[in-house]
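# Descriptive analysis of the structure
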Amino acid sequence: MKTQVAIIGGGPAGLLLSQLLHVRGIDSVILERKTRDYVLGRIRAGVLEQGLVRLMEEAGCAERMHAEGYSHDGALISYGDEMFRIDFAEHTGTPVLIYGQTEVTRDLYDAREKAGGKIEFEVEDVEIRDADTDQPHVLYTVGGEARRIECDFIAGCDGFHGVSRQAIPLSVRREYEKIYPFGWLGVLSETPPVNHELIYANSERGFALCSMRNENLSRYYIQCSLSDSPADWTDEAFWEELKRRIPKAQADQLVTGPSIEKSIAPLRSFVTEPMRWGRLFLCGDAAHIVPPTGAKGLNTAASDVHYLYNALRDYYENGSETGIDGYSQKALARVWKAERFSWWFSSLLHRYPDQAAFDLKMQIADLEFLRSNTAAQKAMAENYVGLPY
Ligand code: FAS
Ligand code: PHB
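Residues numbered from 1 in each chain as written. Chains lettered and ligands numbered in written order. Predicted model: local features only at pLDDT ≥ 70, side-chain atom pairs only at ≥ 80, totals over all residues. Heavy atoms only, no water.

### Regarding the sheet that holds strand 9 (residues 123-129)
The condition is simple: Any two strands with at least two DSSP-identified bridges between them are counted as paired. Numbering of helices and strands starts at the N terminus; helices are DSSP runs of H or I of at least 4 residues and strands are runs of E of at least 2. Each axis is a line fitted through C-alpha atoms, and for a helix only the stretch in contact is used; angles between axes span 0 to 180 degrees, taken between their N-to-C directions.
Spatially, the three strands line up as an open sheet ordered 9-10-11, and their pairing is antiparallel. The outermost strands of the open sheet, each flanked by one partner alone, are strand 9 and strand 11 (145-150). Put simply, the sheet's adjacent strands are angled 20 degrees from each other on average, direction ignored. With six bridges joining them, strand 10 (residues 137-142) and strand 11 adopt antiparallel strand pairing.

Here it is in structure tokens:
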């Protein structure tokens, strides 16, 4: 098989890139390890920056997003029984959109299939070959049958556990990592959200987040031990712990119900440099991971796609290699700012097992400063709604 761009990974990054390239008449093939249903079954991000919304519009996939998404002009931060609001509209004039990653991915799958896009599911043994030549290709198997794709470029969109990053030689690759000593236990429940905006809670018992997908589908998280498993937490235990971590006024209003999804995500900051090697380009979680606190994972995958899509357009439409030569540096400049914000926001809100009394005082002083200082709130809002591409 021959194509212009071979895309490894059918998550949001791979799908969005493929659909954008299609709109510009550039051919691609997506290789996905799992089935479509498996990919859609993963419950992940919930907050979209306007940059991602605009890309979905450019890809012709934003109709349902605009119809069913919720525009939020602010978010709440609580510590103990104290709570204050960060006003995105006042500080940036920009909202965020509440629309689950699952729905983004579903919209993109529907668009690719409607356009007759080539997606191979349940692929195995993916190997990237000759990425450092002008004739790269990908080997893989489907149902035990060996296959090969000749291509001009390869986009590694296969997430943190994919194979693309490993295709960059260790002599070239530099990795940066921070592992957090806790995870997030997430619950999805068919209950009305406790508040119409998100609540990020710092409590002496640990972090909590009250989020949502719609007026009758809520998404909640509590910081948990890395040794925990979802089976360790009954729904009742989860709800009781959540109530202890948010202000009493909200806890008293919390509508509980059976969990329809319960999972634990570890927290990590991770970046690999460079994000390009020859004709291989890494996008999204294949190149970087952030703790989900700042809602930057999916949104930084989107800015990678924006840079790579425009670089490939420039190559095919104008014969220019400027974009592809500058991709890694441009993408990493924004990736590191997202890493910093996600690390800062996580450090502000979580309780660390070995936290000294002084560190705790610094955390509360940071919260008090953010609460009282307009410049600090503006800086936080600008990062949360999304820095410019
Ligand atoms: P993805 O991991 O989504 O997609 C990669 C795809 O590649 C997958 O479908 C995988 O099956 C496929 N693949 C892997 N190896 C392959 C191979 N060898 N061959 C072919 N295909 C292969 N972000 C937020 O902003 N907020 C959140 O709350 C949040 N929660 C998260 C919870 C969890 C458990 C995880 C893992 C991530 C979470 N994230 C969150 C981050 C998440 O949203 C990612 O940033 C987003 O999925 C990035 O999209 P992709 O880069 O497409 O990677
Ligand atoms: C979510 O709704 O899943 C969500 C929202 C905001 C975050 C992380 C996750 O920072």
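Picking up after the structure, the text goes on.
### Focus: the site of ligand 2
The condition that has to hold: Each residue is tested against the molecule or strand, and it is near if at least one of its non-hydrogen atoms lies within 4 Å. Polar contact criterion, stated in full: a pair of N or O atoms within 3.5 Å, where within protein one must be able to donate a hydrogen and the other to accept it, and residues adjacent in sequence count only if both atoms are side-chain atoms. With residues, only the protein chains shown are counted as cover, and all accessible areas are computed by Shrake-Rupley using a 1.4 Å probe. Nonpolar residues are Ala, Val, Leu, Ile, Met, Phe, Trp, Tyr, Cys and Pro. Charged residues are Asp, Glu, Lys and Arg, and all others, Gly as well, are polar. Where each domain begins and ends follows an automated or database-derived domain assignment.
Near ligand 2 there are 14 residues, and of these Tyr200, Ser211, Arg213, Tyr221 and Thr293 occur at the shortest range. A distance of 2.8 Å separates an oxygen atom of ligand 2 from a polar atom in the side chain of Tyr200. Within the contact set of ligand 2, an oxygen atom lies 2.6 Å away from a side-chain nitrogen or oxygen of Tyr221. Protein burial of ligand 2: of its 280 Å² of free accessible surface, 98% is covered by the chains. Secondary-structure elements contributing two or more residues to the shell around ligand 2 are strand 15 (208-214) and strand 16 (217-224). It is strand 15 that contributes the most residues to the shell around ligand 2, three residues altogether. Tallied by class, the residues present in the shell around ligand 2 amount to eight nonpolar, three polar and three charged. Shared between two domains, the shell around ligand 2 holds at least three residues of each, these being domain 1 (5-72 + 96-177 + 268-346) and domain 2 (180-267 + 351-385).

### Here we look at the site of ligand 1
Around ligand 1 sit 30 residues in total, of which Glu32, Arg42, Arg44, Gln101 and Gly297 are the nearest. In the environment of ligand 1, a nitrogen atom lies 3.1 Å from a nitrogen or oxygen atom belonging to the backbone of Arg33. Within the side chain of Arg44, a nitrogen or oxygen atom sits 2.8 Å from an oxygen atom of ligand 1. When contributions to the shell around ligand 1 are tallied by element, the ones reaching two or more residues are helix 1 (12-23), strand 9 and helix 9 (297-318). Its residues assigned to classes, the shell around ligand 1 comprises 15 nonpolar, seven polar and eight charged.

### Concerning the environment of Asp87
Following the sequence through the fold, Asp87 ends up in strand 6 (residues 82-87). C-alpha of Asp87 to C-alpha of Asp73: the two residues are 14 residues apart in sequence and 6.2 Å apart in space.

### A word on the packing of helix 10 (residues 322-349) against helix 12 (residues 374-385)
As a reminder of what qualifies: Any angle between 65 and 115 degrees counts as roughly perpendicular, while under 35 counts as roughly parallel, over 145 as roughly antiparallel, and the rest as oblique. Put simply, a crossing is left-handed when the front helix is turned counterclockwise from the back one by less than a right angle, and right-handed when it is turned clockwise. Whether two residues are in contact is decided by their heavy atoms, any of which lying within 4.5 Å being enough.
The geometry of helix 10 relative to helix 12 is characterised by a closest axis approach of 10 Å and an angle of 120 degrees between their N-to-C directions. Classified by the angle between their axes, helix 10 and helix 12 sit oblique to one another. Crossing handedness for the pair helix 10 and helix 12: left-handed. Mapping the contact onto sequence places Lys337, Arg340, Phe341, Trp344 and Phe345 in helix 10 and Met380, Asn383 and Tyr384 in helix 12. Per-class residue counts for the contact of helix 10 with helix 12 are five nonpolar, one polar and two charged.

### Let's talk about the pairing of strand 1 (residues 5-8)
Put simply, the test is: Only protein chains enter the accessibility calculation, which uses a 1.4 Å probe; a residue whose area is less than 20% of its type maximum is buried, one above 50% is exposed, and one in between is partly exposed. Here the term right-handed applies to a crossover when the path leading from its first strand over the helix to its second strand runs clockwise, the strands being oriented away from the viewer.
With burial as the criterion, each face of strand 1 is covered, one bearing Val5 and Ile7 and the other bearing Ala6 and Ile8. The sheet contact formed by strand 1 and strand 2 (residues 28-31) spans four bridges and is parallel. Counterpart to Ile7 in the pairing with strand 2 is Ile30. With helix 1 bridging strand 1 and the parallel strand 2, this β-α-β connection has right-handed handedness.

### Here we look at the packing of aromatic side chains
Rules: Aromatic rings from Phe, Tyr and Trp, taking only the six-membered ring of Trp, are treated as a pair when their centres fall within 6.5 Å; an angle between ring planes under 30 degrees marks them as stacked, one over 60 as edge-to-face, and anything in between as tilted. By the criterion adopted, a ring carries a charge over it if an Arg CZ or a Lys NZ lies within 6 Å of its centre and within 35 degrees of its normal.
If you walk through the whole model with that rule in mind, you get 22 aromatic pairs. On the numbers, 6.2 Å between centres and 75 degrees between planes, the contact of Tyr79 with Phe84 is edge-to-face. By the burial criterion, Tyr79 is buried, and Phe84 matches it. Measuring from centroid to centroid gives 5.1 Å for Phe182 and Tyr352, while their planes differ by 75 degrees, and the two rings are edge-to-face. Placement of Phe182 in strand 13 (residues 174-189) and of Tyr352 in the loop between helix 10 and helix 11 (357-372) is noted, with a sequence separation of 170 residues between them. Residues Phe182 and Tyr352 agree in their burial class; the two are buried. Taken together, the ring pairs in this structure connect Phe88, Tyr200, Phe341, Trp344, Phe345 and Tyr384 into an aromatic cluster. Here the guanidinium or amino end of Lys34 rests over the ring plane of Tyr38, the centre of that ring lying 4.6 Å away. The ring of Tyr180 carries the charged tip of Lys178 above its face, separated from the ring centre by 5.6 Å.

### Considering the domain arrangement of the protein
Applicable threshold: Buried area is calculated as the accessible area (1.4 Å probe) missing from two parts once they are joined, with the contributions of both summed. Any carboxyl oxygen of Asp or Glu within 4 Å of a side-chain nitrogen of Lys or Arg constitutes a salt bridge here.
The assigned domain composition of the protein is domain 1 (5-72 + 96-177 + 268-346) and domain 2 (180-267 + 351-385). The distance between the C-alpha centroids of domain 1 and domain 2 comes to 28 Å. With 27 residues of domain 1 in contact, the opposing surface of domain 2 contributes 24 residues. Regarding the contact of domain 1 and domain 2, the summed buried area is about 2100 Å², with carbon and sulfur atoms giving 63% of it. Interface area lost by domain 1 to domain 2 is led by Ile43, Tyr70 and His72, which between them contribute 24%. Summed over the shared surface of domain 1 and domain 2, the result is zero salt bridges. Applying the counting rule to domain 1 against domain 2 returns eight residue pairs in polar contact (both at pLDDT 80 or more). When residues of the side of domain 1 that touches domain 2 are traced back to their parent elements, those giving at least two are strand 4 (70-72), strand 7 (96-98), strand 17 (259-273) and helix 10. For the side of domain 1 that touches domain 2, the class distribution of residues is 13 nonpolar, eight polar and six charged.

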